[in-house]
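What follows is the residue order along each chain.
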Number of protein chains: 2
Amino acid sequence: MAASRRTETMEANRARLVSAARRAFAAKGFAAASMDELTADAGLTRGALYHNFGDKTGLLAAVVAEVDAEMAERAREAAAASPSEWEGLLAEGSAYIEMALDPEVRRIVLLDGPAFLGDPSQWPSQNACLDLTKQAVARLIASNVLKPVDVEAAARLLSGAALNAALWVAASDDPHAVLPKAVEAFRLMATGLLKDAKAHS
Amino acid sequence: MAASRRTETMEANRARLVSAARRAFAAKGFAAASMDELTADAGLTRGALYHNFGDKTGLLAAVVAEVDAEMAERAREAAAASPSEWEGLLAEGSAYIEMALDPEVRRIVLLDGPAFLGDPSQWPSQNACLDLTKQAVARLIASNVLKPVDVEAAARLLSGAALNAALWVAASDDPHAVLPKAVEAFRLMATGLLKDAKAHS
DNA sequence: GATCGTGATATACAGCGCGTATGTCAATTA
DNA sequence: TAATTGACATACGCGCTGTATATCACGATC
């Protein structure tokens with residue numbers, strides 16, 4: 001591998017910039033975050049930023065990709081700990097709802113991401129979260145648990161509903177009291193996709 | 001009433017500013033829209049803008065309130081034309097999905113609104129759309145059609161899923177081919193809230 | 001109906017932030 | 001060791017927001 005010294009400091013700098021950007025974007029929002037403060041916080045200047053990421057939205061894309069990947073990883077773990085594929089899908093949804101209580105996730109991925117990078121289904125980061133749900137839905141249709149609904153549509157609706165519910169929970173006066181209500185409503189709605197609802201209720 | 005001449009020109013100016021802002025925000029997005037161009041387009045200057053709306057986000061709030069009200073009105077019409085309360089709820093959802101195909105609605109209400117004004121459930125405009133759905137859900141629970149789920153949660157999930165589905169439809173390569181799939185998936189998911197799914201399928 | 005006060009809008013100003021163009025120096029290569 | 005590359009810093013210009021000040025028409029009061 002022998003990553004030359006040049007490239008390894010470069011990657012370290014990129015990581016520091018992304019890390020500083022995460023903090024700044026989460027705290028002030030993408031629009032209000034200053035690149036000068038950002039880079040100074042990382043011990044660099046805007047020169048490094050524009051060289052590595054092209055422009056401000058490029059940096060946002062990098063941050064979003066990182067956070068999105070972390071979310072997908074946690075959702076994967078939640079699903080893996082479930083007794084069935086179907087319970088796994090529900091667990092993914094619940095995991096999304098809980099994760100979105102994190103201000104960083106909410107602000108960067110759910111609000112600024114769509115506004116400045118466009119619709120999540122077309123992000124360069126491939127939207128790992130959405131992809132995960134899509135795979136689960138496809139498996140459940142194949143195994144005859146779900147009705148033969150369009151995979152993309154179902155996945156998009158499920159993850160959209162979960163993340164949207166999370167926005168509501170986070171904005172409420174008493175998030176921890178509201179969270180279980182959101183999770184329950186999500187699980188109910190998801191059962192609408194089941195072929196035989198009784199068998200799983 | 002006798003609206004004095006002063007106040008009536010003021011309201012006319014406000015309306016012209018909001019109208020120009022709608023066009024500009026829809027075309028360029030909130031962040032990239034220039035207040036100078038905006039106001040010049042309306043035959044005014046930024047002076048009128050700051051006097052009437054306080055700051056840039058104040059203008060956005062006014063625009064969002066206007067568009068949101070129009071959306072709620074159209075959804076109400078769609079629901080009214082339905083044979084039953086339950087079909088009315090589904091019709092509202094479908095209406096949201098179709099309305100979000102309008103670039104103005106998508107950009108202003110679904111993307112920039114949440115990013116710059118915060119979560120829709122706490123908008124000053126009261127979010128007429130959400131409120132409408134909430135009322136429909138409450139009625140359906142009272143008449144024993146829906147399971148006794150939390151009203152806020154269900155309404156938020158339903159409208160969130162619909163609007164999110166719309167984002168996906170609009171971003172797809174062939175929106176008109178994808179639209180019916182989104183509507184079908186939405187209707188399926190909504191049936192998860194039904195007390196007796198078979199009776200309505 | 002003439003004068004005065006009020007307030008809606010225009011103008012002028014200050015500060016900041018982005019993006020680019022240019023400079024600099026360390027690291028790789030021959 | 002000399003030359004070249006390229007990662008990063010510095011300097012500049014432009015545009016945009018928000019505020020402070022100025023103007024002028026409208027309405028009130030006598």
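Quick caveat, the model's predicted, so the values are computed rather than measured.

Cut-offs applied
Residues numbered from 1 in each chain as written. Chains lettered and ligands numbered in written order. Predicted model: local features only at pLDDT ≥ 70, side-chain atom pairs only at ≥ 80, totals over all residues. Heavy atoms only, no water. Least-squares fit on C-alpha atoms with pLDDT ≥ 70 in both. Contact = heavy atoms within 4.5 Å. 1 Å grid on protein atoms, 1.4 Å probe; cavity = no way out; pocket = protein on both sides within 12 Å on 5 of 7 lines; lining within 4 Å. Points joined across faces, edges and corners; volume = space filled by probe spheres on them. Helix = DSSP H or I, 4+ residues; strand = E, 2+ residues; numbered from the N terminus. Nonpolar A, V, L, I, M, F, W, Y, C, P; charged D, E, K, R; others polar. Near = heavy atom within 4 Å. Polar contact = N/O pair within 3.5 Å; in protein donor to acceptor, adjacent residues only side chain to side chain.

Below, the discussion takes up the relation of the copies chain A and chain B. Superposition of chain A onto chain B requires a rotation of 180° combined with a translation of 0.0 Å along the rotation axis, giving an RMSD of 0.1 Å. When the rotation and shift are considered jointly, the pair of chain copies conforms to a two-fold rotation axis. Proximity to the rotation axis, assessed at the C-alpha, singles out A:Gly192 in chain A; its C-alpha lies 1.8 Å from the axis. Most of the interface of chain A is mirrored in chain B, where 100% of its interface residues again form contacts.

Take a probe with the size of a water molecule and roll it over the atoms, and the empty space left behind shows itself. What the rule picks out here adds up to three cavities of 30 Å³ or more. Roughly 640 Å³ of internal volume is contained in the largest cavity. Contributing to the lining of the largest cavity are 35 residues, with A:Asn164, A:Leu167, B:Leu110, B:Asn164 and B:Leu167 lying nearest its centre. Secondary structure elements with two or more residues in the lining of the largest cavity: helix H4 (56-80), helix H6 (103-117), helix H7 (128-142) and helix H8 (151-171) of chain A together with helix H4 (56-80), helix H6 (103-117), helix H7 (128-142) and helix H8 (151-171) of chain B. In this structure, the second largest cavity occupies an estimated 50 Å³ of space. What lines the second largest cavity is simply A:Leu89, A:Leu90, A:Glu92, A:Gly93, A:Tyr96, A:Thr133, A:Leu158, A:Ser159, A:Phe186 and A:Ala190. Elements with a contribution of two residues or more to the lining of the second largest cavity: helix H5 (85-99), H8 and helix H9 (175-191) of chain A. With five residues, the top contributor of residues to the lining of the second largest cavity is H5(A). Looking at the lining of the second largest cavity, its residues break down into six nonpolar, three polar and one charged.

All right, on to the protein's contact with DNA strand C then. Around DNA strand C, a shell composed of 19 residues is seen, among which A:Arg46, A:Tyr50, B:Asn13, B:Thr45 and B:His51 lie nearest. Those atoms of DNA strand C that come within 4 Å of the protein belong to sugar or phosphate at a rate of 60%. Within the contact set of DNA strand C, a phosphate oxygen lies 2.7 Å away from a side-chain nitrogen or oxygen of B:Thr45. One nitrogen or oxygen atom from the side chain of B:His51 is found 2.4 Å from a phosphate oxygen belonging to DNA strand C. With five residues, helix H3 (residues 46-53) of chain B is the single largest residue contributor to the surface near DNA strand C. In terms of residue class, the surface near DNA strand C is made up of six nonpolar, seven polar and six charged.

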